[in-house]
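The residues making up each chain are set out below.
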Protein chains: 2
Amino acid sequence: MRIAVDVMGTDYGPREIILGSIDAVKEYGCSVVLVGDEHQINEILLNCGEYNNEKITIVHAGNVIEMNEHPAISVKTKQDASIVVATKLLHTKKCDALVSAGSTGAAVAAALFGLGRIKGVERPAIATPIPNVTGTTVVVDSGAKVDAKPNHLVQNAIMGSIYAELILNIEEPRVGLLNIGEEEIKGNEQALATYPLLKNTEQIHFIGNVEGRDINKGTVDVVVCDGFVGNIVLKVEEGLAQALMTLLRGTISEGGILAKLGALLIKRSLKRLKKKIDPAEYGGALLLGVKAPFIICHGSSKAKSIKNAIGVAIDFAKKDVVTKIGDTVAVKGKCNN
Amino acid sequence: MRIAVDVMGTDYGPREIILGSIDAVKEYGCSVVLVGDEHQINEILLNCGEYNNEKITIVHAGNVIEMNEHPAISVKTKQDASIVVATKLLHTKKCDALVSAGSTGAAVAAALFGLGRIKGVERPAIATPIPNVTGTTVVVDSGAKVDAKPNHLVQNAIMGSIYAELILNIEEPRVGLLNIGEEEIKGNEQALATYPLLKNTEQIHFIGNVEGRDINKGTVDVVVCDGFVGNIVLKVEEGLAQALMTLLRGTISEGGILAKLGALLIKRSLKRLKKKIDPAEYGGALLLGVKAPFIICHGSSKAKSIKNAIGVAIDFAKKDVVTKIGDTVAVKGKCNN
């Protein structure tokens, strides 16, 4: 198994991405192809003593697409950008899967132009796993397609369901439509039009509308939504978890010496909690609907996150999620209602 | 100051609403008019020994609109529903403000039909205060209008800004547009069309796009969004905070006797944290844009929440937020860009 890793365009620079790749090679026994500025990569590999590791190769890319660039235009004009070069390796089957922590928009555009959609899939979607009180919930779409049409949401449901089954090992995943009320009559135009379609989609186990408060409850496995809403939801989760830790530190420090002692005693419990809800543990999100395994990580991913993402990429390729999506979406007269 | 309180249609029944109203009368010296089933209200007042309190009066309403009913249809057909009767008291100036914890949709419909919009306001919006690490952020709209037009969002920004200034005492509140990236080119059609309008709205201090993770950070005071997105965001916040407490209890109990001792020592700190983030402390959301002070509380509000909501209702009426909104929205050639 050979994984292409785009090392450029992340918040902390290529070092963390390369460290995570090295760890993945050691843990999973896979090969990695590091795509990016050859000079920088060589220097970091030399520093790590991994310069001669034959499972680690470099493919030079002289350019990078930054977060603030227009994704589609940049992908078309910067053919030497790391994400474009890495996607080519995947398209030409020189690699089995791809991991990127650069601009999400650029990654989606590169995958669309460079790999293309699975036959029958109208729009790719990003499926992001997030922790709930009993396990994991997948939010799909968390940012690939804003202003999605109802049929796109139906396909999100099908693809998210396959992800939950194959990657998260959830049998008959419960699929819910993210909405502002449980009743079928609630919602915006998009949700109102999507509900009856999902009800008639035989490939999924649809449990109806779910609300924002259900996401972390463990009562739904696949939460279907528009990419605009999904992206905001994920970032609210991230921000609130951080804010609560900050506020807790504040109230503990107000609590004097005994509270501080208490904090010391539950330090390990807090650490376990942090690990449970740490996105790094989940190893990034899957771009579903394109013709090869494509993983998108948070821009602020550190080594552990990248290592885990490579683990997910291997799983994604091994379990052949791409073929399963193609077969399921192709079931006639069902996914198109 | 006389506040109409709709005691029906809540998760815990009229008792909690009545207890909160009694507390408000004691704390703020206001009068309350309890609207709902006379028999039930009398019984509860008798039990509390408040039957003869002259600051507490009852107006009977023989019907109630439940959460699962169609708001507009029910408000039109059930003229004896508590929310409709309470709104009439406000419209005829028999009360100065209204507090409801029943169906949000029914409350919005009753306010629209029974009070009408402030001249110049196209759609009312719900402004909900939520805690951030340094104070309070207002999310507007959190559920009054889904599929909002860009100009509705501009008015949300203006009304939210007035709320932040007058009720939360924030000078020159920072207004942000909730989006999936900071750059002006990011977003769905609605956000892309709204950004330039907000940039040209002189009545507000617009700081650009904000993301989900900014809501609890304390870097923005007024977060402007569509009612569909805002409602989901609020419920994600609610659900995640609860899930984190559940997960923390789990990791502490795994941590053995020392962790449990630690938990005991930080119990008061946790309580202070809980108080800081408890929606009950904020006393409900304001329905902005209708012709009288109208407060909407969570369906699961308990006595403390209702008492605080009545406090906010008094403030809302005293500071004459309604007139200020009318004057600001009426500034020609600005709010309509």
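Definitions and cut-offs
Residues numbered from 1 in each chain as written. Chains lettered and ligands numbered in written order. Predicted model: local features only at pLDDT ≥ 70, side-chain atom pairs only at ≥ 80, totals over all residues. Heavy atoms only, no water. pLDDT = per-residue confidence, 0-100. Contact = heavy atoms within 4.5 Å. Patch = residues over 30% accessible without salt bridge, like charges linked within 9 Å, V, L, I, M, F, W, Y side chains within 5 Å. Areas by Shrake-Rupley, 256 points an atom, 1.4 Å probe, with all protein chains shown as cover. Salt bridge = Lys/Arg side-chain N within 4 Å of Asp/Glu carboxyl O. Helix = DSSP H or I, 4+ residues; strand = E, 2+ residues; numbered from the N terminus. Axes fitted to C-alpha atoms, helices over the stretch in contact; angles between N-to-C directions. Parallel < 35°, antiparallel > 145°, perpendicular 65-115°, else oblique. Left-handed = near helix turned anticlockwise from the far one by under 90°. Nonpolar A, V, L, I, M, F, W, Y, C, P; charged D, E, K, R; others polar. 1 Å grid on protein atoms, 1.4 Å probe; cavity = no way out; pocket = protein on both sides within 12 Å on 5 of 7 lines; lining within 4 Å. Points joined across faces, edges and corners; volume = space filled by probe spheres on them. Pairing = 2+ DSSP bridges. Buried area = accessible area lost by both parts, 1.4 Å probe. Polar contact = N/O pair within 3.5 Å; in protein donor to acceptor, adjacent residues only side chain to side chain.

Novice: I'd love a proper account of the confidence of the model for chain A, names of residues and values included.
Specialist: All names here are of chain A. Summary statistics for chain A give a mean pLDDT of 92 and a share of 98% for residues scoring 70 or more. Of the regions scoring below 50 in pLDDT, residues 333–337 engages in 15 contacts with residues more than four places distant in sequence or in other chains. Both scores are given for the predicted complex: the pTM is 0.93, the ipTM 0.92.

Novice: Just give me the short version of a nonpolar patch on the surface, but keep the residues and values in it.
Specialist: Taken together, the side chains of Ile257(A), Leu258(A), Leu261(A) and Leu264(A) make up a nonpolar region of the molecular surface, amounting to roughly 440 Å² of accessible area. Mapped onto the secondary structure, Leu258(A) falls in helix H9 (residues 256–265).

Novice: Which residues make up the packing of helix H4 (residues 82–91) of chain B against helix H5 (residues 104–114) of chain B, and what values do they have?
Specialist: All names here are of chain B. For the pair H4 and H5, the least separation of the axes is 9 Å and the interaxial angle reads 40°. As summarised for this structure, H4 and H5 are arranged oblique, according to the angle between their axes. Considering the relative orientation of H4 and H5, their crossing is right-handed. Facing H4, whose interface residues are Ile83, Thr87 and His91, H5 presents Ala106, Ala107, Ala110, Ala111 and Gly114. Split into classes, the residues belonging to the contact of H4 with H5 amount to five nonpolar, three polar and no charged.

Novice: So what's going on with empty space enclosed by the protein? Residues and values would help.
Specialist: Applying the stated criterion to the full structure yields six cavities of 30 Å³ or more. In this structure, the largest cavity encloses a volume near 140 Å³. What lines the largest cavity is a set of 14 residues, and nearest its centre among them are Leu244(A), Met245(A), Leu273(A), Leu244(B) and Met245(B). Sorting the residues of the lining of the largest cavity by element identifies helix H8 (227–254) and helix H10 (267–277) of chain A together with helix H8 (227–254) and helix H10 (267–277) of chain B as the ones contributing at least two each.

Novice: Could you give an account of the sheet that holds strand E9 (residues 222–224) of chain B, with specific residues and numbers?
Specialist: Residues and elements named next belong to chain B. If you trace the 11 strands from one edge of the open sheet to the other, you get E3-E2-E1-E4-E11-E10-E5-E6-E9-E7-E8, paired in mixed fashion. The open sheet is flanked by strand E3 (56–60) and strand E8 (205–210), the only strands paired with a single partner. Sheet twist, expressed as the average angle between the axes of neighbouring strands with direction ignored, equals 25°. The sheet contacts of H5 involve strand E4 (97–100), strand E5 (125–131), strand E10 (285–288) and strand E11 (294–296), and relative to E11 the element is tilted by about 170°.

Novice: Which residues make up the environment of Val35(B), and what values do they have?
Specialist: All names here are of chain B. One can find valine 35 in strand E2 (residues 31–36). Separated by 27 residues in sequence, valine 35 and methionine 8 place their C-alpha atoms 7.7 Å apart. Leaving out residues up to four positions away in the same chain, valine 35 has contacts with Val5, Asp6, Val7, Met8, Ile41, Val59, Ala61, Ser82, Val85, Ala86 and Leu89.

Novice: Tell me about the packing of helix H6 (residues 150–166) of chain A against helix H7 (residues 189–199) of chain A, and please be specific about residues and values.
Specialist: All names here are of chain A. Running from amino to carboxyl end, H6 crosses H7 at an angle of 50°, the nearest separation of the two axes being 9 Å. It follows that H6 is oblique to H7 by the angle criterion. For the pair H6 and H7, the crossing hand works out as right-handed. Contact residues: H6 offers Pro150, Asn151, Leu153, Val154 and Ala157, while H7 offers Gln190, Ala193, Thr194, Leu197 and Leu198. Taken together, the residues of the contact of H6 with H7 break down into seven nonpolar, three polar and no charged.

Novice: Could you give an account of the interface of chain A and chain B, naming the residues involved and the relevant values?
Specialist: Accessible area lost on assembly of the parts is the figure often given for the size of an interface. The interface is formed by 58 residues belonging to chain A together with 58 residues belonging to chain B. Roughly 5,200 Å² is buried in total at the junction of chain A and chain B, and carbon and sulfur atoms are behind 72% of that figure. Its largest share of buried area at the contact with chain B, chain A owes to Ile180(A), Arg213(A) and Phe228(A), together 12% of the area lost on that side. Our count for the contact surface shared by chain A and chain B stands at six salt bridges. Across the salt bridge formed by Arg272(B) and Glu254(A), the nearest N and O atoms sit 3.3 Å from each other. At the junction of chain A with chain B, the criterion picks out 16 residue pairs in polar contact (both at pLDDT 80 or more). In terms of residues, the side of chain A that touches chain B owes the most to one element, H8(A), which gives 20 residues. Looking at the side of chain A that touches chain B residue by residue, the class counts come to 29 nonpolar, 16 polar and 13 charged.

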